Amino acid sequence: MAMLGPHAGFILAAYLATAAILTGLTLAILIDRRAQRRALAALEERGAGRRGGGAA
Amino acid sequence: MASFIDLANPTRFMRLSSTLLPWLAAPAALLLSIGFYLIWFVAPADYQQGETIKIMYIHVPAAWLALMFYSMMTLSALGVLVWRHPLADVAQQAAAPIGACFALICLLTGSFWGKPMWGTYWVWDARLTSMLVLFLLYLGVIALRRALDEPSRAGRAVAILTLVGCVNIPIIKFSVDWWSTLHQPASVLRLDGPTIHASMLWPLLITAIGFTLLALSLHLAAMQAEILRRRVRTLTIFEAERLDRLSLQGAP
């Protein structure tokens, strides 16, 4: 901490805030994409892929 | 032009983006690792700012990306309203949260830099205020889309709001030239070249490129999620219609 000078707290706060925001954003996108893939797979398994027909 | 039209096919886009994603994410991780190593162990302290110069290495790329993503959204808005490109609305919807996050990072890191340097977390000068307006525009775009149920109507409304708000981009860029601001003028993107020493400029540029590749990776992944979501929505409607039809026929 001493190597960061008298304003170390502000420097660390900036980096921690950045890490938290980008980690949250990345996780949110990846979790959302995985959830949509699972939902799509479940729908296709139930035969929901066609408008006119019944189960595949 | 033909390849641009080819990308309008969501299935083809999903395949191409899946191929491209590792080629964006891996260099992003590498460049950010190199950049942070240079920032923390190589780049010197500033003669005036001391070690708080380290905040600049994330603040400046965050600001650039906040502007870049809104510019991308503006192009997407034109794609929705003028060219009717099928993936334009997907691109716009995926970009908004990412741009908002980088605008928030810019505002927060700027405040953490401002307190020790200027003695205050915030001043209502032109640069800071216009960047806050940009962040609020991002939130407004996200909120407007969620407020409208019908997707195509939401897409058009968001596109119009985005185009109206794009006037803020040159205001942000030239605010330090047009008004007397506490925020310092441009040090990198200048007609007569950067004024930052190479020992600081290289870590800044490497980190900026790393963050850009990261942001583009997240954008592609978010577009994939949005395309899948729309497909799920369509199939859910098909399934509901099918079940409705079966129940009317008296099927078990």
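Everything below is about the structure printed above this text.
Because the structure is a prediction, the values reported are computed rather than measured.

A.B. asks: Pulling in residues and values, what's your account of the pattern of salt bridges?
C.D. replies: According to the stated counting rule, one finds seven salt bridges over all chains in the structure shown. Across the pair Arg145(B) and Asp89(B) runs a salt bridge, and its minimum N-O distance is 2.8 Å. With Arg145(B) in helix H5 (residues 126-147) and Asp89(B) in helix H4 (residues 88-118), this residue pair connects regions lying 56 residues apart in the sequence. Here Arg145(B) and Asp89(B) have matching classes, each one buried. Residues Glu226(B) and Arg230(B) are paired through a salt bridge, measuring 2.7 Å at the closest nitrogen-oxygen approach. On the criterion of helical spacing, the pair formed by Glu226(B) and Arg230(B) is a turn pair, its members being four residues apart in helix H8 (residues 198-249). In this structure Glu226(B) comes out as buried when scored by relative accessible area, which is 6%. Looking at Arg230(B), the relative accessible area reads 28%, which means it is partly exposed. If you follow the salt bridges from partner to partner, you end up with Asp32(A), Asp89(B), Arg145(B), Glu226(B), Arg229(B) and Arg230(B) in one network.

A.B. asks: I'd love a proper account of the interface of chain A and chain B, names of residues and values included.
C.D. replies: In this complex, chain A contributes 35 residues to the contact, which on the side of chain B involves 41 residues. With both chains or domains summed, chain A and chain B bury close to 3400 Å², and 72% of this area falls on carbon and sulfur atoms. Our count for the contact surface shared by chain A and chain B stands at two salt bridges. Where Asp32(A) meets Arg229(B), a salt bridge forms, and the shortest distance between an N and an O atom there is 2.8 Å.

A.B. asks: Describe the side chain of Gln92(B), naming the residues involved and giving the relevant values.
C.D. replies: All names here are of chain B. Topologically, Gln92 is positioned in helix H4. Gln92 gets classed as buried once you look at its relative accessible area, which sits at 0%. Once residues within four sequence positions are removed from consideration, Gln92 is found in contact with Met73, Ser76, Ala77, Val80, Arg145, Gly155, Val158, Ala159 and Thr162.

A.B. asks: So what about the packing of helix H3 (residues 53-83) of chain B against H4(B)? Which residues, and what values?
C.D. replies: All names here are of chain B. Contact pair H3 / H4: the axes reach a minimum separation of 7 Å and the direction vectors enclose 155°. Compared by their axis directions, H3 and H4 come out roughly antiparallel. The two elements H3 and H4 meet at a crossing, and its hand is left-handed. Considering only residue class, the contact of H3 with H4 consists of 21 nonpolar, seven polar and one charged.

A.B. asks: Give me the lowdown on the packing of H3(B) against H5(B), citing residues and values where you can.
C.D. replies: The relative placement of two packed helices is expressed as an angle between their axes plus a distance between the axes. Residue and element names in this part refer to chain B. Between H3 and H5, the shortest axis-to-axis distance is 11 Å and the interhelical angle comes to 45°. Classed by the angle they form, the pair H3 and H5 counts as oblique. Note that H3 runs across H5; the crossing there is left-handed. Touching Ala63, Ala66, Leu67, Phe69, Tyr70 and Met73 of H3 are Met131, Leu134, Leu137, Tyr138 and Val141, all from H5.

A.B. asks: An account of the side chain of Arg145(B) is requested, with residue identities and associated values reported.
C.D. replies: Taking relative accessible area as the criterion, Arg145(B) reaches 12% and is therefore assigned buried. Apart from the residues within four sequence positions on either side, Arg145(B) is in contact with Asp89(B), Gln92(B), Gln93(B), Ala154(B), Gly155(B), Val158(B) and Arg230(B).

A.B. asks: Any details on unusual backbone geometry? Residues and values, ideally.
C.D. replies: Residues apart from glycine generally show negative phi values, whereas peptide bonds are mostly found in trans. Phi is positive for Arg84(B), close to 55°, though the residue is something other than glycine. By the secondary structure assignment, Arg84(B) is in the loop between H3 and H4.

A.B. asks: Could you give an account of the packing of aromatic side chains, with specific residues and numbers?
C.D. replies: Inspection of every chain in the model, using the stated rule, returns nine aromatic pairs over all chains. A ring pair is formed by Phe10(A) and Tyr121(B), whose centres lie 6.4 Å apart and whose planes are at 50°; its orientation type is tilted. Placement of the pair is Phe10(A) in helix H1 (residues 8-45) and Tyr121(B) in the loop between H4 and H5, with the two residues belonging to separate chains. Overall, the relative accessible area of 22% leaves Phe10(A) in the partly exposed class. Exposure remark for Tyr121(B): the relative accessible area of 41% places this residue in the partly exposed category. For the ring pair Tyr37(B) and Phe41(B), a centre distance of 5.5 Å and an interplane angle of 35° mean the geometry is tilted. With Tyr37(B) and Phe41(B) both in helix H2 (residues 10-41) and four residues apart, this pair spans about one turn of that helix. Joined through ring pairs, the aromatic side chains of Tyr15(A), Phe36(B), Trp40(B), Phe102(B) and Phe211(B) make up one cluster.

A.B. asks: Describe in detail the environment of Asp89(B), supporting the description with residues and values.
C.D. replies: All names here are of chain B. With a relative accessible area of 10%, Asp89 lands in the buried category. Once the C-alpha coordinates of Asp89 and Ala77 are considered, the two residues, twelve residues apart in sequence, prove to be 7.2 Å apart. If near-sequence neighbours (up to four positions away) are discounted, Asp89 is found in contact with Val80, Arg145, Gly155 and Arg230. Engagement of the side chain of Asp89 in a polar contact is seen with the side chain of Arg145, the distance being 2.8 Å.

A.B. asks: Explain the nonpolar core to me, and be specific about the residues and the numbers.
C.D. replies: All names here are of chain B. Of all hydrophobic cores here, the largest spans 77 residues; its most connected members are Tyr57, Ile98, Phe102, Met131, Leu134 and Tyr138. In terms of residue count, the dominant contributor to this core is H8 (16 residues). Discounting chain neighbours no more than four positions away, the residues touching Met131 are Ala63, Ala66, Cys106, Leu107 and Ile172.

Conventions used here
Residues numbered from 1 in each chain as written. Chains lettered and ligands numbered in written order. Predicted model: local features only at pLDDT ≥ 70, side-chain atom pairs only at ≥ 80, totals over all residues. Heavy atoms only, no water. Salt bridge = Lys/Arg side-chain N within 4 Å of Asp/Glu carboxyl O. Helix = DSSP H or I, 4+ residues; strand = E, 2+ residues; numbered from the N terminus. Buried < 20%, exposed > 50% of the residue type's maximum accessible area, 1.4 Å probe, protein only. Contact = heavy atoms within 4.5 Å. Buried area = accessible area lost by both parts, 1.4 Å probe. Axes fitted to C-alpha atoms, helices over the stretch in contact; angles between N-to-C directions. Parallel < 35°, antiparallel > 145°, perpendicular 65-115°, else oblique. Left-handed = near helix turned anticlockwise from the far one by under 90°. Nonpolar A, V, L, I, M, F, W, Y, C, P; charged D, E, K, R; others polar. Phe/Tyr/Trp six-rings, centres within 6.5 Å; stacked < 30°, edge-to-face > 60°. Polar contact = N/O pair within 3.5 Å; in protein donor to acceptor, adjacent residues only side chain to side chain. Core = buried A, V, L, I, M, F, W, Y, C linked by side-chain atoms within 4.5 Å.

In short, geometric facts, not functional conclusions.
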